[in-house]
Each structure stands twice: as C-alpha cells, then as structure tokens.
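What follows is each chain in one-letter form.
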Amino acid sequence: MTSPLYNASGVMCRSVEDLEAMRASSSGALITKSCTLEPREGNPEPRYFVTPLGSINSMGLPNYGYQYYLDYAEKYDYANNKPLFISISGMSLADNLTIIKAFHERALPCILEVNLSCPNLPGKPQLGYDLPAAQHALEKICEFYDRPFGVKLPPYFDVSHFDQAAEVFNKFDLLKYVTCINSVGNGLVIDVDAESVVIKPKDGLGGLGGDYVLPTALANVREFVRRLPGKQVVGCGGVKSGREAFMHILAGATAVQVGSCLYEEGVGAFDRIAQELKDLMAAKGYQKLSDFRGKLKTL
Ligand SMILES: O=C(O)c1[nH]c(=O)[nH]c(=O)c1Cl
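Throughout this document, residue positions are counted from 1 along each chain, in the order its sequence is written. Two thresholds apply to this predicted model, a pLDDT of at least 70 for residue-level local features and 80 or more for giving and counting side-chain atom pairs, whereas whole-chain, interface and lining totals are computed over all residues. Hydrogens and water are ignored here; the side-chain numbers use all heavy atoms of the structure.

Where do I start with the pattern of salt bridges in this structure?
Side chains that carry opposite charge are capable of pairing whenever their charged atoms lie near each other. When a carboxyl oxygen of Asp or Glu is within 4 Å of a side-chain nitrogen of Lys or Arg, the pair counts as a salt bridge. This model, assessed by the stated rule, comprises 13 salt bridges. Linking Glu 45 and Arg 47 is a salt bridge whose minimum nitrogen-to-oxygen distance equals 3.9 Å. For Glu 143, the salt bridge goes to Lys 140, with nearest N and O atoms at 3.4 Å. Only protein chains enter the calculation, and the probe is 1.4 Å; a residue is then buried if its accessible area is under 20% of its type maximum, exposed if over 50%, and partly exposed in between. The exposure class of Glu 143 is exposed, given its relative accessible area of 59%. Relative accessible area serves as the criterion here: at 26%, Lys 140 is assigned to the partly exposed category.

Looking at this structure, I do not really get the site of the ligand. What am I missing?
Nearness of a residue to a molecule or strand requires only that one of the residue's heavy atoms be within 4 Å of it. Taken together, the residues surrounding the ligand are Lys 33, Asn 57, Met 59, Gly 60, Leu 61, Pro 62, Asn 115, Cys 118, Pro 119, Asn 120, Asn 182 and Ser 183. Gly 60 has a polar backbone atom sitting 2.8 Å from an oxygen atom of the ligand. Interatomic distance of 2.9 Å between a side-chain N/O atom of Asn 120 and an oxygen atom of the ligand. Under the scheme applied here, ten amino acids are nonpolar (Ala, Val, Leu, Ile, Met, Phe, Trp, Tyr, Cys and Pro), four are charged (Asp, Glu, Lys and Arg), and all others, including Gly, are polar. Grouping the amino acids of the shell around the ligand by side-chain chemistry returns five nonpolar, six polar and one charged. The term polar contact refers here to a pair of N or O atoms within 3.5 Å; inside protein, the definition further demands a hydrogen-donor-capable atom paired with an acceptor-capable atom, and it admits residues adjacent in sequence only when both atoms are side-chain atoms.

Even after reading the chapter, I still don't get the layout of surface pockets, so can you show me in this structure?
Here the idea is plain: a probe the size of a water molecule rolls over the atoms and shows the empty space left. Any residue with an atom within 4 Å of a point lines the site, the site being either a cavity, points on a 1 Å grid over the protein atoms alone where a 1.4 Å probe fits but cannot get out, or a pocket, an open set with protein on both sides within 12 Å along at least 5 of 7 lines. Grid points are joined across faces, edges and corners, and a volume is the space filled by probe spheres set on the points. When its volume is computed, the second largest pocket comes out at roughly 330 Å³. Looking at the second largest pocket, it is lined by 20 residues, and the ones nearest its centre are Tyr 6, Phe 85, Gln 232, Thr 254 and Ala 255. Secondary structure elements follow DSSP: runs of H or I no shorter than four residues count as helices, runs of E no shorter than two count as strands, and numbering proceeds from the N terminus. Looking at the lining of the second largest pocket, the elements that each hand over two or more residues are β1 (5–7), β8 (175–180) and β13 (232–236). Among the residues making up the lining of the second largest pocket, the classes are represented as 14 nonpolar, five polar and one charged.

Would you take a moment to explain helix α2 (residues 66–75) for this structure?
Side chains of residues three or four places apart in an α-helix project in the same direction, reflecting 3.6 residues per turn. By the burial criterion, the buried members of α2 are Tyr 66, Tyr 69, Leu 70, Tyr 72 and Ala 73. Take α2 and look down its axis: the buried residues cluster within an arc of 160°, on one side only. Whether two residues are in contact is decided by their heavy atoms: any pair within 4.5 Å suffices. For α2, the secondary structure elements touched by its buried residues are α1 (16–24), β2 (30–31), β5 (84–88) and α3 (93–106). For this quantity, the arc is that covered by the directions from the helix axis to the C-beta atoms.

Help me understand the sheet that holds β2 in this model?
Strand-to-strand pairing in sheets goes through backbone hydrogen bonds, with the strands running parallel or antiparallel. Here, a strand pair is defined by DSSP locating no fewer than two bridges between the strands. Read from one edge to the other, the open sheet built from eight strands follows the order β1-β14-β13-β8-β7-β6-β5-β2, with strand pairing classed as parallel. Each end of this open sheet is capped by a strand with a single partner; those strands are β1 and β2.

The following block contains the structure:
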C-alpha cells in the first residue's frame, strides 16, 4: 500500500538534498518548502526550538526562490515516483500569481498548494485569516490556473470561522483539497532557568507544532471534511505515532503529514508510524483506510 504519510511543508524539503531524501523515503508523497519569488534567508536564528510537547518555529520563509523548485519539478520522475506537491507562499498576490503562472506554463504533473497561513512574517497577516483577501486571491488564480490545486490553512478556533472559510473554498471547484492545519501561530515558549524566550524572531513568538496542536488539528480536519463536499482534507498536526495518524483519518483525512516528529526523528518516522498504523488497523479488524476514514463516532 502506498503510505498515507508524507512531510509537512517546511520540514525536510528546502534543498534538493532534503527533497531527494524524502523521495527515497517510504513516504507516499513529498511537498516542498513554501517558496517565494526571490530566495530568502529567513528570520534570524535561533528560529526553531524543540520542547517535550512539540516545537515552536519562526523560520520566516527561508527558501531558494520558486525557480529552484520549478527546476526540481521539471526534473522530477513522475512515472516511478510519488506525487510531488509544490508549496507556494508569495509575499504578495502579484508574487503568487507570477509563481503560479510560471508553473502553469510548464504544465507539469506536480500539484500546487497555496500557503494561506504562514504566521511568521513580521507585519504580514495570514491570508487564511482575511477571508475576503483569500477569496480574491483564489479568484485571481482561477482566472488562468485550470488544474487541481490545494491550499494550506491556518487553524480556526470558532465554528463561525469554519462556516465562513468553507463558504469561500466551496466557490472554487478546482480547489480539490485543503491541508489542515499549519502551525498554531504566535505561541510563546519560555525557558524558566534563563528567564527568556527560546527563539529570536518576533521577541519569541512562533508557530506551535506537535502535541500542543493535535486536538486543534483534528477539529479542523473534521469540521472541514463536513463542510467541503467533493473536496479532500489532508491532516497535519501532532502526528507522532500510528495512533495520531489513525485519529486524523478517523476524523476524515485522506492523507496525513508529519512535521515536528519528522524534524526530530528523520525519515524513519514514516516507516515506524506506517507500521504502527497497520498494527492498529489489524487489531481493530480494518483492512484499508476507507474502512474507518471519516467514521469518528459522536456521543
Ligand atoms: O516561518 C516559516 O517559514 C513557516 N513556518 C510555519 O510554521 N508555517 C509556514 O507556513 C511557514 Cl512559511
């Protein structure tokens, strides 16, 4: 069975070396680091910190610029390999359109994912939290882009926001999937001994991943699965074993991404988590993911 697991954008996907390690792994797919028009150094370090409950990051979109990933996508062997997703996070709508047009012209089999949810650019609000702006961006993209694509969403925390966001996304038939969730933005981790924050950018504010975000990720998966008929939801957030992967699929996820855990464990996480998921399914008498996908019981 092709693994339902792959990397969360941002982890093990910035360089060709990273991407080739992902391609050689047992993951079922791979996605690139969100790219911008020009290469970016990203925010000053330290900008990533691991805690017993997960991670906090304020990377600031370090990437080699979209042409680097376009070049990788051109050379990628789509026949014998896994689906290649390209994450795009331009600094402006104009940048996003330029990048997407460049991929569109090459008509490559890779799948574009528009990142609406980078929380770490000082002074730049997340599109995912400005739904009129998000709708406008999707309208401009769909004026010319005629192939299936996806979006990376921030976590939402209010039922009215699930409703409002879904109303926007349901306007776009070519928007075939949403990935829920990006990191929970602007958390603050404190080192008691040093009496200090642990990352440099934004006076310590950064996106949270890992155990911190699992219940929020699961809620976003389940709520968007309910509200986006005909679309798919990729689950991301808090996956560190077969159990959390099972939870995401039970909540309705088609596939599941691994971020903080992949950062710490490396590609062996894909083998381990896939095996744990297989064992859990066997113990429950499930043969395939669709036996339990979206079948979370309520009380
Ligand atoms: O700071 C980052 O590069 C970053 N970090 C995240 O946690 N999510 C994102 O979408 C991005 Cl683009």
